[in-house]
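Here is what each chain is made of, one letter per residue.
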Amino acid sequence: MRNLETFREFSPPELEFVSEFKSGQMSIEPGATVLSEGSHSPHLYTVLSGWGFRYKILEDGRRQVLNYVSTGDLLGLQGTLMGEMQHSVEALSPLELCVFERERLGTLFRDHPGLAFDLTWIAAREERILDEHLLSIGRRSAIERAAYLLAFLAHKARESGLADTRLINLPVTQQHVADTLGLSIVHTNKTLRKLAERGVIRWLERGCEVLNEADLARIADWSPPVPRRRPFI
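Keep in mind that this is a model prediction, so the values were computed, not measured.

Trainee: Can you walk me through the nonpolar core in this structure?
Mentor: Generally speaking, nonpolar side chains in soluble globular proteins are found buried as a group. Ranked by size, the top nonpolar core spans 36 residues in total, and within it Tyr68, Leu150, Leu153, Leu170, Leu195, Ile201 and Leu216 carry the most contacts. Secondary-structure elements contributing two or more residues to this core are strand 4 (52-57), strand 5 (63-69), helix 5 (142-159), strand 9 (168-170), helix 6 (174-181), helix 7 (185-197), strand 11 (207-210) and helix 8 (213-220). Take this core: its biggest share by element is 12 residues, from helix 5. Non-local contacts of Leu216, meaning those with residues more than four positions away in its chain, are made with Ala147, Leu150, Ala151, Leu195, Val200, Ile201 and Val210. In this structure, Phe7, Phe10, Leu74 and Cys98 belong to the second largest nonpolar core, which totals 19 residues.

What follows is the structure in structure tokens.
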């Protein structure tokens, strides 16, 4: 990850601390749960590669996908501050995770203010993304919502180093899209078909191929954030 241009460099003391902070690495299969709502996990995770998603479920089984995670994203910080996880995380594709001991987080704040600022930046970035998601669900039309989501994920793929070609493959099903947009699966299918007819996406057996990221953003009336080097732990 440190070789990707999108991520900032560590100072030697920071790199030494993070290397010691890391307690292991783990591989997660698609469909497996990484963190469960209400759990008290002793670990934090940084995504090294792959895709996952955060979600909440109502008692009757209805699911709301809150956001998607990929390379560089931090999982489990909420459990540190709230005492337990307020949402669940599931793997969309094979996930490779870097594992940290939660109990050593205090040392990071005490001895490495630069890394502490990075954690604040990561939390603020997540808040900004959720603001945009809420705006989309509350005010965009169905086709604008779908276009925004796929443009956002395509941008995230490029930002995370998961796409180095013009075409971007996203490992999401139509059910994931429906659960993110708050639409029925039938309405979602019709909406995605309209985008496919415009030539901006191609729906695959399990996933979506983004053909024209810029046109998706125009349909959604959304401008991707200005590229900048971002921190990670």
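Trainee: Could you clarify how one ought to interpret the sheet that holds strand 5 in this entry?
Mentor: Hydrogen bonding along the main chain pairs the strands of a sheet, whether they run parallel or antiparallel. Judged by pairing direction, the sheet is antiparallel, and its four strands sit side by side in the order 2-7-4-5 without closing on themselves. Looking along the sheet, the strands with just one partner apiece sit at the ends: strand 2 (33-35) and strand 5. In this sheet, adjacent strand axes meet at a mean angle of 35 degrees when their direction is disregarded. Here strand 4 runs beside strand 7 (residues 88-91); their pairing, made up of four bridges, is antiparallel. Each residue of the ladder has a partner; that of Tyr55, found in strand 7, is Ser88. Contacting strand 4 and strand 5, helix 6 crosses the sheet at an angle of about 105 degrees to strand 5.

Trainee: I tried to follow the packing of aromatic side chains on my own but got confused; where do I start?
Mentor: What describes a pair of aromatic rings is the distance from one ring centre to the other and the angle between the planes of the rings. Considering all chains together, one arrives at eight aromatic pairs under this definition. Both rings, one in Phe10 and one in Phe232, keep their centres 5.1 Å apart while their planes meet at 65 degrees; by these two values the pair is edge-to-face. In this pair, Phe10 is assigned in the segment before helix 1 (12-21) and Phe232 in the segment after helix 8, connecting sequence segments 222 residues apart. Exposure remark for Phe232: the relative accessible area of 6% places this residue in the buried category. Between the aromatic rings of Tyr148 and Trp222, the centroid separation amounts to 5.4 Å while the plane-to-plane angle is 85 degrees, which identifies the pairing as edge-to-face. Within this pair, whereas Tyr148 is found in helix 5, its partner Trp222 is found in the segment after helix 8, the two being separated by 74 residues in sequence. For the pair Tyr148 and Trp222, a shared accessibility class is recorded, and that class is buried. An aromatic cluster of at least three residues, connected via ring pairs, comprises Phe7, Phe10 and Phe232. In this structure, Arg140 packs its charged tip against the face of Tyr148, placed 4.8 Å from the ring centre.

Here is what the cut-offs are and how they apply
Residues numbered from 1 in each chain as written. Predicted model: local features only at pLDDT ≥ 70, side-chain atom pairs only at ≥ 80, totals over all residues. Heavy atoms only, no water. Core = buried A, V, L, I, M, F, W, Y, C linked by side-chain atoms within 4.5 Å. Buried < 20%, exposed > 50% of the residue type's maximum accessible area, 1.4 Å probe, protein only. Helix = DSSP H or I, 4+ residues; strand = E, 2+ residues; numbered from the N terminus. Contact = heavy atoms within 4.5 Å. Pairing = 2+ DSSP bridges. Axes fitted to C-alpha atoms, helices over the stretch in contact; angles between N-to-C directions. Phe/Tyr/Trp six-rings, centres within 6.5 Å; stacked < 30°, edge-to-face > 60°. Lys NZ or Arg CZ within 6 Å of the ring centre and 35° of its normal.

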